[in-house]
Amino acid sequence: MKDELDMIFSKKESDIEKISSRYKAVDDKRKEKIYEISKRKYNIMKAGESETSDDGFIVSAEGVERYRRPKLYRYFSAAAAAVVLFGGVCGGVMLSRSSKIRHMNQSSDSDITVTTAENSTSAEIFSDDAVVDKLVSSLEILEKPKYPTTDSIDLNDGIWFNKDDYAPEVDKIMNLTKYYYAVTDERIDTVEEIEEILDATFIYESRNRYLGGDLSGFEVGYDFKDDSLANKYVKTFINYNGKIYAQSLCEPNASISQDFDSLYNFSNYKLVSSEFKEGGELLAMNRIMYDEEQQPVPLDKLVTCTRVYERPDGEKVKAEIELLPENDEWKIASFWVALKNSEGQVVYKSNTVFPSLEDKVSAQEESGEFADLQLHEQLVYSDFDEAVAVLDEVNNVIKNGGYEFKRVDVEKYAAKILEASDYEERNTLENKSYIYHLMTNSSRYFDTADLTYYYKREYQNEIWEKNEHCLADNAGRYIYVDYKDINGGSDYDTTVCMYNNMWINADNINKTYTESEEDVTVKDSRFIPDNYRVIDYYTESGNVENFAFLGDTVFGQLGRESLYPSTFEMRDFDGWHIERTEEVLGRQCAVIEFGGATYIAEKYVDLRTGIVLKSTERTEIDEVLEMSVNSINIDQPLGYIYFDPSGYTKTAEQ
């Protein structure tokens with residue numbers, strides 16, 4: 001349970017043996033940290049294997065196509081693997097039980113029967129309510145000191161520290177003061193006691209989100225803003241001069257919307273129902289958790305216990321507890337607790353282990369028939385663990401209904417850019433946020449497209465050129481692309497198309513083709529707000545590193561140069577600007593320019609669709625990429641083309 005630095009100074013024989021076996025010498029400590037971080041990143045990529053995860057998200061931005069283009073044959077012959085933001089939904093089998101469970105409120109007169117599901121038995125998955133009762137009781141003990149209105153803390157014994165953290169009031173990362181009060185609950189007022197209850201309640205990675213380090217060596221009020229130890233030591237519980245202090249949700253005299261009695265006073269509630277099912281909402285998508293040896297925790301045994309409680313005032317509280325076995329004991333992997341109104345609707349949701357991103361994302365307020373434009377923020381999360389949790393929460397929101405997408409007023413913002421009189425007026429935060437939004441969501445700003453374009457790649461004195469004809473219908477889930485090699489030396493003449501949930505990849509020279517089925521869901525249900533498309537985080541050394549790029553996977557990578565451009569490199573608004581406006585093929589464009597040591601580019605962006613009509617790029621490896629659209633028709637009836645297999649031989653997928 002201990003942080004590694006705590007273990008180094010521990011007097012316990014077990015800790016000494018663990019440290020001595022893991023580290024050869026003091027000088028190797030930094031190497032071990034680097035190794036663990038590298039192993040984590042490797043395991044994440046290994047779990048995904050491909051460029052995109054099962055739910056259509058790009059797992060990591062390393063090797064993003066915008067920087068390192070694959071060899072030419074990958075452009076022209078490989079069928080894309082995904083279609084417009086599709087993803088799986090993890091289901092669970094409801095546990096069959098005939099036994100009865102007790103109320104946590106022992107004074108209740110009636111018992112509760114958990115309903116059974118067909119073709120299921122209690123032996124299939126973990127389903128012990130007595131164990132969950134014990135875990136929930138421990139959870140209650142751990143949550144209580146965080147509320148300043150309870151008797152578990154001493155309000156006269158408080159300390160504070162400053163650190164960069166998320167501020168929900170302004171929806172951004174800010175330097176915040178974290179208030180702590182001495183724990184008076186005798187069950188958890190020493191290091192040994194709180195370690196023991198955390199170890200019995202949570203799996204390793206989750207309990208590490210609770211317990212910080214020994215801050216006795218820091219002055220009260222110390223600012224961890226530029227200190228890499230901030231998120232390793234400034235957590236829910238800390239040790240300060242031999243006492244355990246709990247981080248308060250707010251100052252005692254502040255107004256709080258919910259208190260301990262509203263959400264976590266389980267021992268005072270009546271248990272209405274308790275259901276078990278395989279899998280869960282928070283961990284089942286891309287989440288990878290690690291044990292004490294930094295090995296991935298298998299999620300195949302993940303079980304979710306969903307409980308509904310009734311408070312003394314008649315209000316309902318819903319608790320969802322996700323469980324995993326650790327050392328042959330079932331423990332909490334993650335949880336959330338929500339307050340429900342009389343109609344059964346969730347009106348307040350709290351998530352201690354994984355703070356809910358729903359509280360971080362500002363609702364898109366409607367203005368007439370259009371949505372308000374979200375002004376851009378380049379969010380950098382405090383550490384690797386928070387980045388992982390944010391990705392979990394994005395997936396969780398999507399699985400529970402998703403974010404609503406509504407178009408912004410393109411004519412309004414196009415006019416602002418076109419009418420700008422100078423550089424400063426063109427490059428306001430609002431105008432640049434509009435360009436970023438439009439390109440990020442280009443598939444949502446046109447329905448059909450018929451275009452031809454020329455593409456050239458030059459690298460190490462070698463030149464590849466191609467002409468491409470592309471037909472795309474975003475709403476109809478249809479795309480048809482012909483690639484033709486201009487030089488002739490590579491002999492590329494390839495057709496890649498998708499319709500009727502079927503991918504076809506045809507070699508028009510060798511007269512062979514492959515087929516593969518694809519399941520497609522509605523793309524708008526997979527919308528993600530612009531500011532959460534890129535998940536960056538601070539490393540222990542203070543550098544910014546990317547964890548995930550949640551770009552739209554629209555027809556795989558087809559049309560990426562023009563119709564569905566990547567905006568990964570645009571998240572830093574200091575790295576590009578709107579230089580001017582020009583017309584291309586009768587369409588008004590913003591000419592955006594990038595400048596830097598590793599990436600230089602100029603792109604002509606259609607002001608009403610986000611489609612790139614012309615571009616020149618130079619990457620970090622002195623690779624030059626050029627693209628120019630020769631003809632384009634937007635939102636016009638398509639002359640659909642369907643592949644004719646006559647004269648072709650069907651082959652197995654590679």
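Note that the structure is predicted; figures quoted are calculated from it, not measured. (Residues numbered from 1 in each chain as written. Predicted model: local features only at pLDDT ≥ 70, side-chain atom pairs only at ≥ 80, totals over all residues. Heavy atoms only, no water.)

Peer 1: Please explain the overall build of the chain as it appears in this structure.
Peer 2: Across its full length, the chain carries 13 helices and 29 strands. Residues counted as buried form 54% of the 654 residues belonging to the chain. In the chain, the share of contacts with a sequence separation of at least 24, taken over all contacts with a separation of at least 6, comes to 64%. Carbon together with sulfur atoms contributes 45% to the accessible area of the chain, which is approximately 29,500 Å² in total. (Helix = DSSP H or I, 4+ residues; strand = E, 2+ residues; numbered from the N terminus. Buried < 20%, exposed > 50% of the residue type's maximum accessible area, 1.4 Å probe, protein only. Contact = heavy atoms within 4.5 Å. Areas by Shrake-Rupley, 256 points an atom, 1.4 Å probe, with all protein chains shown as cover.)

Peer 1: Got a minute to help me understand the sheet that holds strand S21 (residues 512–517) in this structure?
Peer 2: Hydrogen bonds between backbone atoms are what pair the strands of a sheet, whose relative direction is either parallel or antiparallel. One open sheet holds the 12 strands; their spatial order is S24-S25-S26-S27-S28-S16-S17-S18-S19-S20-S21-S29, and the pairing between them is mixed. Two strands lie at the open edges of the sheet, namely strand S24 (576–584) and strand S29 (649–650), each paired on one side alone. Sheet topology places S24 next to strand S25 (residues 587–594); eight bridges connect them, and they run antiparallel. From the neighbouring strand, glutamate 582 faces S25, where its bridge partner is cysteine 589. The strands touched by helix H13 (residues 429–440) within the sheet are S24, S25, strand S26 (600–606) and strand S27 (612–618), with S24 carrying the most contacts at an inclination of about 65°. (Pairing = 2+ DSSP bridges. Axes fitted to C-alpha atoms, helices over the stretch in contact; angles between N-to-C directions.)

Peer 1: Would you mind going over the packing of helix H5 (residues 129–143) against helix H6 (residues 191–201) with me for this structure?
Peer 2: Angle between the axes and distance between the axes: these two values describe a pair of packed helices. Interaxial distance between H5 and H6 falls to 10 Å at its minimum, and their mutual angle equals 140°. Between H5 and H6, the angle is such that the two are oblique. Considering only the axes of H5 and H6, their crossing is left-handed. The residues of H6 that touch H5, namely those facing Leu135, Ser138, Ile141 and Leu142, are Ile194, Ile197, Leu198, Ala200 and Thr201. Grouping the amino acids of the contact of H5 with H6 by side-chain chemistry returns seven nonpolar, two polar and no charged. (Parallel < 35°, antiparallel > 145°, perpendicular 65-115°, else oblique. Left-handed = near helix turned anticlockwise from the far one by under 90°. Nonpolar A, V, L, I, M, F, W, Y, C, P; charged D, E, K, R; others polar.)

Peer 1: I would appreciate a short explanation of the packing of helix H11 (residues 410–418) against H13 in the present structure.
Peer 2: Contact pair H11 / H13: the axes reach a minimum separation of 10 Å and the direction vectors enclose 130°. With respect to their mutual orientation, H11 and H13 come out oblique. Note on packing geometry: the crossing formed by H11 with H13 is left-handed. Each of Val410, Tyr413, Ala414, Lys416 and Ile417 in H11 lies in contact with H13, whose residues at this interface are Glu430, Asn431, Tyr434, Ile435 and Leu438. Residue composition of the contact of H11 with H13, by class: seven nonpolar, one polar and two charged.

Peer 1: I tried to follow the packing of aromatic side chains on my own but got confused; where do I start?
Peer 2: Think of a pair of aromatic rings as described by two things: how far the centres are apart, and how the planes are tilted against each other in angle. The full count for this structure, using the stated rule, is 35 aromatic pairs. Grouping aromatic residues by their ring pairs yields a cluster made of Phe161, Tyr180, Phe218, Tyr222, Phe224, Tyr240 and Tyr245. Sitting over the ring of tyrosine 604, lysine 614 keeps its end group 4.4 Å from the ring centre. (Phe/Tyr/Trp six-rings, centres within 6.5 Å; stacked < 30°, edge-to-face > 60°. Lys NZ or Arg CZ within 6 Å of the ring centre and 35° of its normal.)

Peer 1: Quick question: what am I supposed to make of the sheet that holds strand S23 (residues 544–549) here?
Peer 2: With respect to topology, three strands assemble into an open sheet ordered S15-S22-S23, the strand pairing being mixed. The sheet is open, and its two borders are formed by strand S15 (380–381) and S23, each paired with just one other strand. Strand direction decides the pairing type here: strand S22 (residues 534–538) and S23, joined by five bridges, are antiparallel. Each residue of the ladder has a partner; that of tyrosine 538, found in S23, is valine 544. Contacts between helix H10 (residues 384–399) and the sheet are confined to S15, S22 and S23, with S22 contributing the most and set at about 160° to the helix.

The values are spatial; any link to function lies outside them.
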